[in-house]
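Observations on chain architecture
Listed below are the residues making up each chain.
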Amino acid sequence: MVTLAEQQQYRLGVTYVALSALAWSTSGLFVRAIHADLMTILFCRGIVSGLGVFALFFYIERRKAFRILRSMGGPSLAATVFSTASMISGIGSIYYTSVADAMVIYATVPFVTAGVAFLFIGERPNMRTLIASGIAFIGVLVMLSGHSSDGGSWLGKGLAAIMTITVAGLAVVMRQHRNVPMLPAMALSAWLCSFVTFWFASPLSISGQDLGLIIAFGIVQNAMGLSLYTFGSRLVPASDAALLTALEVPLTPLWVWMVFAERPSTATLIGGPIVLAALFGHILLEVRRNRVVTSARAQ
């Protein structure tokens, strides 16, 4: 029987994780509101995000922080590189194509992760994942069938695909090496992002308004989102956390449509719901299965 304290912890965890998805879903708003070029956005945001995430890491670990940093090895480096690549390609995809297109492609990340895990660590996906992957793939094909004369749009879609693959790679590294410290790897990846883009950025030409927005971008969308997820994911089952964070996918283009009237293409309006149905249907089935297994073990 679930105690009152456990119920309260679960509700608190759900609130934290849902708020993290809300924070992450503001990425499109920030990218559309900031007028600086992409490399300048990435450079400045990386500095701010790195500081914010490192501050969270030292707050959580306190005296153990330096020992954890000294113990970081190859898996942590791999996680850092994958995270850096996903940051650059993710923001780049939103910069160069519609937010809806980028998020529909990104929504396939659980299925791409299953494929990458099978290829590199031999983790076989179950039949539910394979069916959901096939449905999601059909949705992406429908979305990509919409012809666009804007070459940049295809660049954005390509970057969204790279983001999806690198996030999948990051997930597999974290799954295979469960002791990899996530927060310092995320902070280092933000600073690596700044290092990579520094040579192409123009931080001295940025306006005061854009600088303020970029600082808010780094703190609210990245550092705060990661902080809320870090605290909340400890209080709810992983499948429930995955379902809640998936809310980022439909919310991100919704905010941009409401504020900037960025309407998705007809092909995306058809293919997007197919991908979302596959995503949420798959996660809901996993949540239900995990709860049945947990109940059976408790009896």
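Look up: the structure comes first, before these words.
Residues numbered from 1 in each chain as written. Predicted model: local features only at pLDDT ≥ 70, side-chain atom pairs only at ≥ 80, totals over all residues. Heavy atoms only, no water.

1. Some thoughts on helix 6 (residues 99-106)
- Here helix 6 lies mainly inside the structure; 8 of its 8 residues are buried.
- Those residues of helix 6 that sit buried are V99, A100, D101, A102, M103, V104, I105 and Y106. (Buried < 20%, exposed > 50% of the residue type's maximum accessible area, 1.4 Å probe, protein only. Helix = DSSP H or I, 4+ residues; strand = E, 2+ residues; numbered from the N terminus.)

2. So, the packing of aromatic side chains
- Evaluated as defined, the whole model comprises 11 aromatic pairs.
- Aromatic side chains Y95 and Y96 sit 5.1 Å apart centroid to centroid with 80° between the ring planes, which places their arrangement in the edge-to-face category.
- Judged by relative accessible area, which is 32%, Y95 ranks as partly exposed.
- Taken together, the ring pairs in this structure connect F54, F57, F58, F66 and W191 into an aromatic cluster. (Phe/Tyr/Trp six-rings, centres within 6.5 Å; stacked < 30°, edge-to-face > 60°.)

3. Topic: the state of the cysteines
- Applying the stated criterion across every chain, the model contains 0 disulfides.
- Here C193 stays free of any disulfide, with the sulfur of C44 as its closest cysteine sulfur at 11 Å.
- Classification of C193 by relative accessible area gives buried; the value is 1%. (Disulfide = S-S within 2.5 Å.)

4. Let's talk about the pattern of salt bridges
- Evaluation of the coordinates by the stated rule reveals 4 salt bridges.
- Among the salt bridges present, the one from E262 reaches R32, with a minimum N-O distance of 2.5 Å. Linking E262 in the loop between helix 13 (248-260) and helix 14 (266-298) with R32 in helix 2 (residues 27-33), this pair joins segments that are 230 residues apart in sequence.
- Taking the relative accessible area as the measure of exposure, R32 reaches 21% and is therefore partly exposed.
- Put simply, K157 and D101 hold a salt bridge, and the shortest N to O gap is 3.7 Å. One end of the pair, K157, is in helix 9 (residues 151-176); the other, D101, is in helix 6, and 56 residues separate them in sequence. (Salt bridge = Lys/Arg side-chain N within 4 Å of Asp/Glu carboxyl O.)

5. Focus: a nonpolar patch on the surface
- Together, F195, V196, F198, W199 and F200 line one region of the surface with nonpolar side chains, adding up to about 570 Å² of accessible area.
- Note on placement: F195 falls in helix 10 (residues 182-198). (Patch = residues over 30% accessible without salt bridge, like charges linked within 9 Å, V, L, I, M, F, W, Y side chains within 5 Å. Areas by Shrake-Rupley, 256 points an atom, 1.4 Å probe, with all protein chains shown as cover.)

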